[in-house]
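Here's the letter readout for the chains.
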Amino acid sequence: MIKLGEYQVLTIVKKTEFGVYLAEGEGSSEKVLLPIKQVSDDARLGDRQRVFIYRDSEDRLIATTNTPKLTVGETEVLRVNDITKIGAFLDWGLERDILLPFKEMTERVRKDKEYLVALYIDKSNRLAATMKVYKYLKIAGDYEKDDDAEGIIYEINDDIGAFVAIDNRYHGLIPKKEIHEKLNVGDKVRGRVTDVREDGKINISIHQKAYLQMSDDGEKILAVIREYDGILPYNDKASPEVIYRDFQMSKAAFKRAVGGLYKAKKIEITDKNIKLAEE
């Protein structure tokens, strides 16, 4: 049986001026064309050929020796080449772009931006892409707490957090409490593993451990104070909204960093403001 969306090793059973026909064996009734431009000069009847099976512009099964970026059931980050009335077309490494139908989008995509998708066979027996990748992701058993991890955000839930495909293939989550900046579907993130859950799924943080993050946050705070000509017009009792607006960090992180700067005698804190310490 010739399998759509997969690699197969098939036998050359017929040669023509426009290519060779491949089948599982000499007596097989099901055949697929490998176009002449992909046939080697020394190809002979009976030779075995590893190919990928997809559909051409006329919806016929066709073989290729080119390598797609993913096969059926796999996930990969693909770039949007075009957006039409029926959906977006993504570059997946073959001559014909793969269709991402509107109904398979978790949000509207933008041209030239990259998104995580899975390849599946739709109800009309055609290959298509979907952004609904949760069921295609795997459990990453080799990760441990404090390991570095990177991936791409494929869904955001305001009540739960940002769902991340670690290494584009494994279940990951940035919990809501770990998000202190604007994140979007398609964003690539790097972080560390904070928890490997009993079900094998992974929680990650895109922030460093508190004592390391505090140093980075402190430098960010000093830079903003300098933008205010050396005096921040509020102190560490400011509202979380004001702190997030100016620093894109939580109030807790802000207070930790301000405390560190104060102990280092880099700032002075008054009832109304925070200012750079005199050197």
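See the structure shown above.
Residues numbered from 1 in each chain as written. Predicted model: local features only at pLDDT ≥ 70, side-chain atom pairs only at ≥ 80, totals over all residues. Heavy atoms only, no water.

K.L.:
Explain the overall build of the protein chain to me, please; I cannot follow it from the model alone.
P.N.:
Looking only at helices and strands, one finds three helices and 18 strands in the protein chain. Expected size for 279 residues packed as a compact globule is a radius of gyration near 19 Å; at 27 Å, the protein chain overshoots this value by more than 25%. Taken across its 279 residues, the protein chain has 45% of its residues classed as buried. Excluding contacts between residues fewer than 6 apart, the proportion of contacts in the protein chain whose partners are at least 24 apart in sequence is 53%. As displayed, the protein chain offers around 16000 Å² of accessible surface, 46% of which is attributable to carbon and sulfur atoms. Between the centroid of the 47 positive side chains of the protein chain and the centroid of its 50 negative side chains there is a distance of 2 Å. (Helix = DSSP H or I, 4+ residues; strand = E, 2+ residues; numbered from the N terminus. Rg over C-alpha atoms; globule rule 2.2 N^0.38 Å. Buried < 20%, exposed > 50% of the residue type's maximum accessible area, 1.4 Å probe, protein only. Contact = heavy atoms within 4.5 Å. Areas by Shrake-Rupley, 256 points an atom, 1.4 Å probe, with all protein chains shown as cover. Lys, Arg positive; Asp, Glu negative; His and termini not counted. Charge placed at Lys NZ, Arg CZ, Asp CG, Glu CD.)

K.L.:
What's the story with the side chain of Asn203 in this structure? I'm lost.
P.N.:
Mapping Asn203 onto the fold places it in strand 15 (residues 202-205). A relative accessible area of 14% places Asn203 in the buried class. For Asn203, the residues in contact, after removing those within four places along its chain, are Leu173, Pro175, Arg192, Val193, Thr194, Asp195 and Arg197.

K.L.:
I would appreciate a short explanation of the sheet that holds strand 12 (residues 161-166) in the present structure.
P.N.:
Think of a sheet as strands paired side by side through backbone hydrogen bonds, with each pair either parallel or antiparallel. Here we have five strands rolled up into a closed barrel, ordered 11-12-13-15-14, and mixed in their pairing. Strand-to-strand twist across the sheet, computed as the mean angle between neighbouring axes with direction ignored, equals 50°. In the sheet, strand 13 (residues 170-175) pairs with strand 15 via two bridges, with the strands oriented parallel. Paired with Leu173 across the bridge in strand 15 is Asn203. (Pairing = 2+ DSSP bridges. Axes fitted to C-alpha atoms, helices over the stretch in contact; angles between N-to-C directions.)

K.L.:
How should I be thinking about helix 3 (residues 251-263) in this particular structure?
P.N.:
Because an α-helix packs 3.6 residues into every turn, residues spaced three or four apart end up facing the same way. When the terminal C-alpha atoms of helix 3 are compared, their 18 Å separation across 13 residues agrees well with the 18 Å that a helix rising 1.5 Å per residue should span. Three or more residues of helix 3 are buried, namely Ala253, Phe254, Ala257, Val258 and Leu261. Projected down its long axis, helix 3 carries its buried residues within an arc of 130°, all on one side. Among the residues trailing helix 3, Lys265 stands out with phi positive, at a value near 60°. (Expected span 1.5 Å × (residues − 1). Arc of directions from axis to C-beta.)

K.L.:
In this structure, what is going on with the environment of Thr11? I would like to understand it.
P.N.:
The topology assignment puts Thr11 in strand 1 (residues 7-16). When its relative accessible area of 10% is taken as the criterion, Thr11 is described as buried. Look past the residues within four positions of Thr11 in its chain and what remains in contact with it is Tyr21, Leu22, Ala23, Glu24, Gly46, Asp47 and Arg48.

K.L.:
Which parts of the structure should I look at to understand the packing of aromatic side chains?
P.N.:
Within a pair of aromatic rings, the relevant descriptors are the distance that separates the centres and the angle that separates the planes. The tally for this structure, following the rule as stated, stands at seven aromatic pairs. Geometrically, the ring pair formed by Phe18 and Tyr21 is edge-to-face, given 6.4 Å between the ring centres and 85° between the ring planes. Residue class for Tyr21 comes out partly exposed when judged on its relative accessible area of 22%. Each ring, one from Tyr54 and one from Trp92, has its centre 6.3 Å from the other, and the planes form 80°; the classification is edge-to-face. Remark: Trp92 occurs in the loop between strand 7 (87-91) and strand 8 (98-101) and Tyr54 occurs in strand 4 (residues 48-55); sequence separation between them is 38 residues. Here the two residues Tyr54 and Trp92 agree in accessibility, since each one is buried. Taking the ring centre of Tyr7 as reference, the NZ or CZ of Arg50 above it sits at 3.9 Å. Directly above the ring of Tyr115 sits Lys113, whose terminal nitrogen or CZ lies 6.0 Å from the centroid. (Phe/Tyr/Trp six-rings, centres within 6.5 Å; stacked < 30°, edge-to-face > 60°. Lys NZ or Arg CZ within 6 Å of the ring centre and 35° of its normal.)

K.L.:
Would you explain the pairing of strand 3 (residues 32-35) in this entry?
P.N.:
On a regular strand, each side chain points to the face opposite its neighbour's, so the side chains alternate between the two faces of the sheet. The two faces of strand 3 match: Val32 and Leu34 on one face and Leu33 and Pro35 on the other face are all buried. Sheet topology note: the strand 2 (residues 19-23)/strand 3 ladder contains four bridges and is antiparallel. Of the residues in strand 3, the one forming a bridge with Tyr21 is Leu33.

K.L.:
Is there a simple way to explain the side chain of Ser205 in this structure?
P.N.:
With respect to the secondary-structure elements, Ser205 resides in strand 15. Only 2.8 Å separates the side chain of Ser205 from the side chain of Glu178, close enough to count as a polar contact. (Polar contact = N/O pair within 3.5 Å; in protein donor to acceptor, adjacent residues only side chain to side chain.)

K.L.:
Whenever I open this one, the pattern of salt bridges confuses me. Can you help?
P.N.:
Any two side chains of opposite charge can pair, on the condition that their charged atoms come close. One pass over the full model with this rule turns up 14 salt bridges. One salt bridge in this structure joins Glu114 and Lys188, with 2.8 Å as the shortest N-O distance. Highlighted residues: Glu114 in strand 9 (residues 114-121) and Lys188 in strand 14 (residues 188-196), separated in sequence by 74 residues. Here Glu114 falls in the partly exposed class, since its relative accessible area comes to 23%. Exposure remark for Lys188: the relative accessible area of 57% places this residue in the exposed category. With a closest N to O distance of 4.0 Å, Glu150 and Arg190 form a salt bridge. Taken together, the positions of Glu150 in strand 11 (residues 148-157) and Arg190 in strand 14 put the pair 40 residues apart, joining distant regions of the chain. The exposure class assigned to Glu150 is partly exposed, which follows from its relative accessible area of 43%. Residue Arg190 is classed as exposed on the basis of its relative accessible area of 62%. (Salt bridge = Lys/Arg side-chain N within 4 Å of Asp/Glu carboxyl O.)

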